[in-house]
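Architecture at a glance
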Amino acid sequence: MPNRRKFIQLSIASLPLLASCQTANTNNTQIYKKPVVVSTWDSGIRANAAAWKVLQQNGYALDAVEEASKYAEIEKSCCVGLAANPDRDGKVTLDASIMDDKGNCGGVAFLQHIQHPISVARKLMETTPHVFMVGEGAEQFALQNGFEKMSDQLSPEAQASYKKWLEKSEYKPVINIENLTKPQSQTAPNVLENGKPNHDTMGTIALDANGNLCGSCTTSGMAFKMRGRVGDSPIIGAGLFVDNEVGAATSSGLGEEVIRICGTHLIIELMRQGWTPENACKEAINRIVKRNPEKAKDFQVGFIALSKKGEVGAFAVQKEFTYSITNNEINQVFESKSYF
Ligand code: ASP
């Protein structure tokens, strides 16, 4: 602990720096022992379980986060993968990204017919000189690498919600706040009428027993999006960023808002300057809201972050953004603090 004199000296010397980061380090953040995995949303607890199988055997964080995403991509009750809601032309298009402890990364976007976009992103990262592939080219790459071409038949739930959406064909590029703020009696607050969560992203960040950080993010994107629209999730520095010296961060919610501020990259850079994960997430949310406070009342964005030491933080625009933490001591869903 610095003594008072040293502290004052430090304060004076760092005045210009402190002026620009008044909220840094105001929290005493708990440290979770490694290995530890954190995912977006309450459904993340099940994705964490898939990651935990790897982590508890001292496995590699990259394998763990890939397993978490793969689990989400096939889980019927979840919100990502081929069973999820389609775009407004009735086609399911998937986006995913992955990043390892060495700064390697891969992303795929506007990918159809492939069950595990996260594994295509990993394959791209590990076997090509590239970091991002989209659409037909990404599909071709997947098929050439042994991924199976799946049918583009919508799942029964997605078919039903698409049919309902077609009645009005109302294009609303927002995460459905009505369902967040006005839960119906038989529906959980973050669940749509068809029983699917009103969010479409599973982001997972993990610190393994060897102290390596990796992350993954997978999504079907916004329900009934314009054909070809891509959100933040497959974009490195927006929906996912990892720096093994500092931490890892991922997001869920209205991707356009996250892209505009390079959300997860911003969070990691703030953490590098000493901000706690929670305060870094909060600052990213503040920047999003500040751009347009009125509009922000109608959308959701949530960030989660994990530091190299094992501190976890989250912050969201709206209430009811949840996240799940799993390690040897805890397996729990938390509700994030929020701007509104
Ligand atoms: N972030 C995703 C996107 O904008 C959607 C979501 O999280 O619901 O594509």
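That block above? That's the structure.
To start, this report covers the structure provided alongside it. Predicted model only: the values in this text are computed from it and were never measured.

Rules of the game
- Residues numbered from 1 in each chain as written.
- Predicted model: local features only at pLDDT ≥ 70, side-chain atom pairs only at ≥ 80, totals over all residues.
- Heavy atoms only, no water.
- Helix = DSSP H or I, 4+ residues; strand = E, 2+ residues; numbered from the N terminus.
- Buried < 20%, exposed > 50% of the residue type's maximum accessible area, 1.4 Å probe, protein only.
- Contact = heavy atoms within 4.5 Å.
- Areas by Shrake-Rupley, 256 points an atom, 1.4 Å probe, with all protein chains shown as cover.
- Phe/Tyr/Trp six-rings, centres within 6.5 Å; stacked < 30°, edge-to-face > 60°.
- Pairing = 2+ DSSP bridges.
- Axes fitted to C-alpha atoms, helices over the stretch in contact; angles between N-to-C directions.
- Salt bridge = Lys/Arg side-chain N within 4 Å of Asp/Glu carboxyl O.
- Polar contact = N/O pair within 3.5 Å; in protein donor to acceptor, adjacent residues only side chain to side chain.
- Near = heavy atom within 4 Å.
- Nonpolar A, V, L, I, M, F, W, Y, C, P; charged D, E, K, R; others polar.
- 1 Å grid on protein atoms, 1.4 Å probe; cavity = no way out; pocket = protein on both sides within 12 Å on 5 of 7 lines; lining within 4 Å.
- Points joined across faces, edges and corners; volume = space filled by probe spheres on them.

**Examining the overall build of the chain**
A count of helices and strands for the chain gives twelve helices and twelve strands. Taken across its 340 residues, the chain has 56% of its residues classed as buried. Considering only residue pairs separated by 6 or more positions, the chain has 65% of its internal contacts joining residues 24 or more positions apart. With an accessible surface of roughly 15,300 Å², the chain has 51% of that area assigned to carbon and sulfur atoms.

**Regarding the packing of aromatic side chains**
Applying the stated criterion to the full structure yields six aromatic pairs. Summarising the aromatic geometry, the rings of Tyr 323 and Phe 334 are spaced 5.6 Å apart at their centres and angled 20° between planes, so their arrangement reads as stacked. Taken together, the residues Tyr 323 in strand E11 (residues 322-327) and Phe 334 in strand E12 (residues 331-335) connect sequence positions eleven residues apart. Ring centres of Tyr 339 and Phe 340 lie 4.9 Å apart, and the angle between their planes is 75°; this geometry places the pair in the edge-to-face category. Site record: aromatic cluster; members linked through ring pairs are Tyr 162, Trp 165 and Phe 224.

**A few points about the sheet that holds strand E5 (residues 201-207)**
An order of E4-E3-E2-E6-E5-E1-E11-E12 is seen for the eight strands of this open sheet, with the pairing classed as mixed. Two strands in the sheet have a free side with no partner beyond their single neighbour: strand E4 (132-134) and E12. Averaged over all pairs of adjacent strands, the angle between their axes in this sheet comes to 10°, without regard to strand direction. Relative to E4, strand E3 (residues 105-111) is paired through three bridges, and the arrangement is parallel. Within the sheet, the bridge partner assigned to Val 108 lies in E4 and is Met 133. Here helix H4 (residues 61-74) sits on the sheet in contact with strand E2 (94-99), E5 and strand E6 (213-219), set at roughly 15° to E6. The strands touched by helix H5 (residues 117-127) within the sheet are E2, E3, E4 and E6, with E3 carrying the most contacts at an inclination of about 135°.

**Describing the pattern of salt bridges**
Applying the stated rule across the entire model yields 20 salt bridges. Two residues, Lys 295 and Glu 257, come together in a salt bridge whose shortest N-O distance is 2.8 Å. Of the two residues, Lys 295 is situated in helix H12 (residues 293-296) and Glu 257 in helix H9 (residues 255-260); the sequence distance between them amounts to 38 residues. Assessed through its relative accessible area of 3%, Glu 257 is described here as buried. Residue Glu 283 is joined to Arg 287 by a salt bridge in which the shortest nitrogen-to-oxygen separation is 3.0 Å. A residue pair is termed a helical-turn pair when its members lie 3 or 4 positions apart in one helix, as Glu 283 and Arg 287 do in helix H11 (residues 277-291) at four residues. Overlapping salt bridges, with partners in common, bring together Asp 63, Glu 66, Arg 122 and Glu 126 in one network.

**So, the side chain of Glu 66**
Summarising the element assignment, Glu 66 is placed in helix H4. For Glu 66, a relative accessible area of 10% corresponds to the buried category. Of the polar contacts made by the side chain of Glu 66, one reaches the side chain of Ser 119; its length is 2.7 Å. Apart from residues lying up to four places away in sequence, Glu 66 is in contact with Ile 98, Ile 118, Ser 119, Arg 122 and Ser 216.

**Comments concerning the site of the ligand**
Close contacts around the ligand come from 14 residues, with Asp 200, Thr 201, Arg 229, Asp 232 and Gly 253 the closest. Contact between the ligand and Thr 201: an oxygen atom at 2.5 Å from a side-chain N or O atom of the residue. Gly 255 has a polar backbone atom sitting 2.9 Å from an oxygen atom of the ligand. Expressed as a share of its isolated accessible area of 270 Å², the protein-covered part of the ligand is 100%. Here the shell around the ligand is composed, by residue class, of two nonpolar, nine polar and three charged.

**Quick word on empty space enclosed by the protein**
Per the stated rule, a full pass over the model turns up two cavities of 30 Å³ or more. Within this model, the second largest cavity holds a volume of roughly 80 Å³. If you go around the second largest cavity, the residues you meet are Leu 82, Lys 91, Val 92, Gln 112, His 113, Ser 151, Asp 152, Gln 153 and Leu 154. Residue classes in the lining of the second largest cavity are distributed as three nonpolar, four polar and two charged.

**Side note on the environment of Asn 48**
Along the chain, Asn 48 falls in helix H3 (residues 44-55). Classification of Asn 48 by relative accessible area gives buried; the value is 0%. Those residues in contact with Asn 48, other than ones at most four positions away along the chain, are Val 37, Val 38, Ser 39, Ser 324, Ile 325 and Thr 326. From its side chain, Asn 48 meets the backbone oxygen of Val 37 in a polar contact 3.5 Å long.

**As for the side chain of Thr 218**
Locating Thr 218 in the fold gives a position in strand E6. Within the structure, the side chain of Thr 218 is placed 2.6 Å from the side chain of Glu 73, a separation counted as a polar contact. With near-sequence residues (within four places) excluded, Thr 218 lies in contact with Ser 69, Glu 73, Val 80, Asp 95, Ala 96, Pro 117, Asp 200, Thr 201 and Met 202.

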